[in-house]
Number of protein chains: 2
Amino acid sequence: MNMYKNIASIAALIGDQTRTTILASLADGKALTAGELSRITKVSPQTASSHLTKLVDGGLLTVQIQGRHRYYRLSSSSVAEIIEAIAKIAPPSPIRSLRESEQAKRLRFARTCYKHLAGELGVAFTTALVQKGYFQEGEESYQLTPSGSQWLNEFGVKTNHTEPIPRHIDWTERRHHIGGPIAVCITRRLTELEWIAEGEIRRSIVVSSLGRSMFEQEFQIKLWS
Amino acid sequence: MNMYKNIASIAALIGDQTRTTILASLADGKALTAGELSRITKVSPQTASSHLTKLVDGGLLTVQIQGRHRYYRLSSSSVAEIIEAIAKIAPPSPIRSLRESEQAKRLRFARTCYKHLAGELGVAFTTALVQKGYFQEGEESYQLTPSGSQWLNEFGVKTNHTEPIPRHIDWTERRHHIGGPIAVCITRRLTELEWIAEGEIRRSIVVSSLGRSMFEQEFQIKLWS
DNA sequence: TTCATATTTCGATCATACGTGAAATATCTG
DNA sequence: CAGATATTTCACGTATGATCGAAATATGAA
């Protein structure tokens with residue numbers, strides 16, 4: 001029965017904590033260098049290199065050489081979908097320790113995911129939009145409602161989108177949030193309005209004092225940090 | 001970074017050829033005994049038992065004890081979805097022999113899945129039922145329509161079912177078909193009417209000449225084999 | 001009860017593979 | 001060119017885990 005040999009080998013490839021961390025770090029589609037991934041996974045550069053080679057050989061990653069740097073990225077979104085499918089049945093994320101690094105906290109607080117808002121803020125924002133009736137949550141997607149369409153125009157996002165909106169799962173929060181082009185437009189508009197801005201830490205987002213008050217005033221989202 | 005520990009451990013659980021074969025064998029929702037799975041995977045009963053224990057502990061399988069037999073089955077369809085997601089990027093494996101190919105073909109044609117009709121016939125039949133307006137396909141389920149309810153009664157299936165009907169995915173067809181109790185009832189009725197019958201090969205279904213003409217006449221389903 | 005079947009537990013073997021130090025290769029900088 | 005940085009390759013210790021023989025447990029049959 002070597003019928004499922006390929007499936008098993010791919011699963012085995014994912015089934016290592018260091019490699020899972022690598023894949024998860026690349027899940028937003030960004031490319032990272034071998035050194036960065038070595039630091040993220042907290043293993044030696046040799047070990048990271050070994051894992052990266054295996055992931056490339058296994059077809060999960062592609063590599064792009066730029067000078068002495070090697071940029072690794074997911075070879076396709078299907079890879080991210082596998083991890084997401086596993087995350088669905090994975091036991092809930094461990095309880096956060098009280099003493100966790102400020103950086104981890106901030107990253108979890110607000111993150112960009114394929115250029116749209118994710119993390120706690122993304123989840124809270126999506127929840128608020130659904131509660132206001134702007135979006136309707138379905139089994140696998142969100143749908144923009146007429147009132148939502150109107151709100152989007154008033155908010156400054158032009159769209160005549162009527163297709164289902166991808167529903168993403170936040171890996172740390174295990175909750176849903178909107179994805180796709182609309183989410184990107186909304187995030188861009190939020191940046192324009194200076195409610196949010198890119199933080200110093202890679203992929204992190206900071207909320208301005210204006211944003212803080214606006215999120216609370218308009219969407220009843222209280223930010224505590 | 002034990003954030004992705006759970007994901008990695010589940011992937012590692014799938015990442016063994018014997019265990020993948022077990023999971024794939026149970027993918028249609030059927031329950032098999034430890035002995036059957038030992039024979040399918042071609043490992044000793046001890047080895048199979050060890051793997052099964054791990055899969056149950058990992059939450060991928062559930063076990064039901066009946067006398068001296070232990071029936072194992074997938075704990076949820078999410079497990080099947082993981083395998084399917086991996087299969088998407090796994091290179092297809094070559095067919096071993098012509099004989100196996102013939103058997104695979106027949107199995108692909110019509111298969112029972114949770115005692116309901118699957119395979120090509122199941123998919124075609126479901127498509128026809130949706131097209132006739134008897135069922136409405138949603139994101140993750142089907143809904144019985146009033147006209148569908150009426151048709152069911154005329155067809156000889158008594159039901160006052162209004163809950164969503166599970167939507168199953170056929171692995172070989174990659175298309176959807178109805179599942180759940182209603183599908184079982186319909187399949188039973190099809191057997192009663194002698195449109196279909198159990199084939200010689202395990203889990204296979206043969207269509208009678210009556211069934212062949214009826215499927216074509218009533219549902220515009222042409223069977224070529 | 002006695003025997004057969006189904007399944008698990010224990011113990012031992014063996015292969016795989018993760019991780020790292022050391023060293024090699026390649027690129028950038030001054 | 002020399003030195004620093006990025007990354008890989010090699011060699012090796014170690015650990016995990018897949019497999020199976022032997023034995024134990026539980027159920028069904030005679």
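Just so we're clear, the structure is a prediction, and the values are computed from it rather than from any experiment. (Residues numbered from 1 in each chain as written. Chains lettered and ligands numbered in written order. Predicted model: local features only at pLDDT ≥ 70, side-chain atom pairs only at ≥ 80, totals over all residues. Heavy atoms only, no water.)

**Considering the overall build of chain A**
And step 1. Counting secondary structure elements, chain A contains 10 helices and 11 strands.
And step 2. Within chain A, the proportion of its 225 residues that are buried is 45%.
And step 3. Within chain A, counting contacts between residues at least 6 apart in sequence, those at least 24 apart form 55% of the total.
And step 4. Of the roughly 11,800 Å² that chain A leaves accessible, carbon and sulfur atoms contribute 50%. (Helix = DSSP H or I, 4+ residues; strand = E, 2+ residues; numbered from the N terminus. Buried < 20%, exposed > 50% of the residue type's maximum accessible area, 1.4 Å probe, protein only. Contact = heavy atoms within 4.5 Å. Areas by Shrake-Rupley, 256 points an atom, 1.4 Å probe, with all protein chains shown as cover.)

**So, the sheet that holds strand β2 (residues 61-66) of chain B**
All names here are of chain B.
And step 1. Ordered by their spatial adjacency, 3 strands build an open sheet running β1-β3-β2, and the pairing between neighbours is antiparallel. Taken across any chain shown, the strands that pair with only one partner, and hence form the sheet edges, are β1 (32-33) and β2.
And step 2. Pairing geometry for β1 and strand β3 (residues 69-74), over 2 bridges, is antiparallel. Bridge assignment links T33 to a residue of β3, and that residue is Y71. (Pairing = 2+ DSSP bridges.)

**Describing the protein's contact with DNA strand D**
And step 1. Near DNA strand D lie 21 residues; those nearest to it are S49 and Y72 of chain A together with Q46, H51 and K54 of chain B.
And step 2. Considering the 4 Å shell around the protein, atoms of DNA strand D inside it are sugar or phosphate in 71% of instances.
And step 3. Within the side chain of R19 of chain B, one N or O atom sits 3.0 Å away from a phosphate oxygen of DNA strand D.
And step 4. Secondary-structure elements contributing two or more residues to the surface near DNA strand D are α3 (34-41), α4 (45-57) and β3 (69-74) of chain A together with α2 (17-25) and α4 (45-57) of chain B.
And step 5. No other element matches the 4 residues that α4 of chain B contributes to the surface near DNA strand D.
And step 6. Here the surface near DNA strand D is built from residues that sort into 4 nonpolar, 11 polar and 6 charged. (Near = heavy atom within 4 Å. Polar contact = N/O pair within 3.5 Å; in protein donor to acceptor, adjacent residues only side chain to side chain. Nonpolar A, V, L, I, M, F, W, Y, C, P; charged D, E, K, R; others polar.)

**Considerations on the sheet that holds β3 of chain A**
Residues and elements named next belong to chain A.
And step 1. Strands sit in the order β1-β3-β2 across an open sheet of 3 strands; the sheet is antiparallel. A single partner strand is all that each edge strand has here, and the edge strands are β1 (32-33) and β2 (61-66).
And step 2. Pairing between β2 and β3: 6 bridges, direction antiparallel. Bridge pairing links T62 to R73 in β3.

**Quick look at the protein's contact with DNA strand C**
And step 1. Lining the immediate environment of DNA strand C, one finds 21 residues, of which Q46, T47, H51 and K54 of chain A together with Y72 of chain B sit closest.
And step 2. Close to the protein, within 4 Å, the atoms of DNA strand C are drawn from sugar and phosphate at a rate of 67%.
And step 3. Within the side chain of S49 of chain B, a nitrogen or oxygen atom sits 2.8 Å from a phosphate oxygen of DNA strand C.
And step 4. Secondary-structure elements contributing two or more residues to the surface near DNA strand C are α2 (17-25) and α4 of chain A together with α3 (34-41), α4 and β3 of chain B.
And step 5. The element best represented in the surface near DNA strand C is α4 of chain A, accounting for 4 residues.
And step 6. Looking at the surface near DNA strand C, its residues break down into 4 nonpolar, 11 polar and 6 charged.

**Points about helix α10 (residues 209-219) of chain B**
Residues and elements named next belong to chain B.
And step 1. Of all the residues in α10, the buried ones are G211, F215 and F219. Buried residues of α10 fall within an arc of 35° about the axis and therefore sit on the same side. In this structure, α10 carries S209 and Q217 as exposed residues pointing more than 90 degrees from its buried face.
And step 2. The positive-phi residue at the C-terminal boundary of α10 is Q220, with phi of around 55°. (Arc of directions from axis to C-beta.)

**A short note on the side chain of T20 of chain B**
And step 1. When you line up the elements, T20 of chain B lands in helix α2.
And step 2. Owing to a relative accessible area of 0%, T20 of chain B belongs among the buried residues under this scheme.
And step 3. If sequence neighbours within four positions are ignored, T20 of chain B has contacts with Y4, I7 and A8 of chain A together with I14 of chain B.

**Quick word on the environment of Q220 of chain B**
Residues and elements named next belong to chain B.
And step 1. Residue placement: Q220 occurs in the segment after α10.
And step 2. Considering only alpha carbons, one finds Q220 and F125, 95 residues apart in sequence, at a separation of 9.3 Å.
And step 3. Every residue in contact with Q220, bar those within four places of it in the chain, is listed here: K132 and F215.

**Considering the packing of α3 of chain A against α4 of chain A**
Residue and element names in this part refer to chain A.
And step 1. Interaxial distance between α3 and α4 falls to 9 Å at its minimum, and their mutual angle equals 110°. When the axes of α3 and α4 are compared, the pair comes out roughly perpendicular. Contacts between α3 and α4 involve A34, L37 and S38 from the first element and P45, A48 and L52 from the second.
And step 2. Partitioning the contact of α3 with α4 into residue classes produces 5 nonpolar, 1 polar and no charged. (Axes fitted to C-alpha atoms, helices over the stretch in contact; angles between N-to-C directions. Parallel < 35°, antiparallel > 145°, perpendicular 65-115°, else oblique.)

**Things to note about the pattern of salt bridges**
Residue and element names in this part refer to chain A.
And step 1. Scanning all chains against the criterion turns up 2 salt bridges over all chains.
And step 2. E192 serves as the salt-bridge partner of R189, at 2.8 Å between the closest nitrogen and oxygen. Placement of the pair is R189 and E192 together in helix α9 (residues 180-192), with a separation of 3 residues, close to one helical turn. (Salt bridge = Lys/Arg side-chain N within 4 Å of Asp/Glu carboxyl O.)

**So, the confidence of the model for chain A**
Residues and elements named next belong to chain A.
And step 1. When pLDDT is averaged across chain A, the result is 75; 71% of the residues are at 70 or more.
And step 2. Within chain A, helix α6 (residues 102-109) has the poorest average pLDDT of any element, 42, and α4 the best, 94.
And step 3. Ignoring residues within four places in sequence, the model shows residues 93-109, a span with pLDDT below 50, making 25 contacts including any to other chains. (pLDDT = per-residue confidence, 0-100.)

**Remarks on α9 of chain A**
Residues and elements named next belong to chain A.
And step 1. With 13 residues, α9 extends 19 Å from end C-alpha to end C-alpha; this agrees with the ideal 18 Å at 1.5 Å per step.
And step 2. Taken residue by residue, α9 has G180, I182, A183, I186, T187 and L190 as its buried positions. Looking straight down α9, one finds its buried side chains confined to an arc of 135°; they lie on one side. Along α9, the residues that are exposed and aim more than 90 degrees away from the buried face are P181 and E192.
And step 3. One or two residues past the end of α9 sits E194, with phi positive at roughly 65°. (Expected span 1.5 Å × (residues − 1).)

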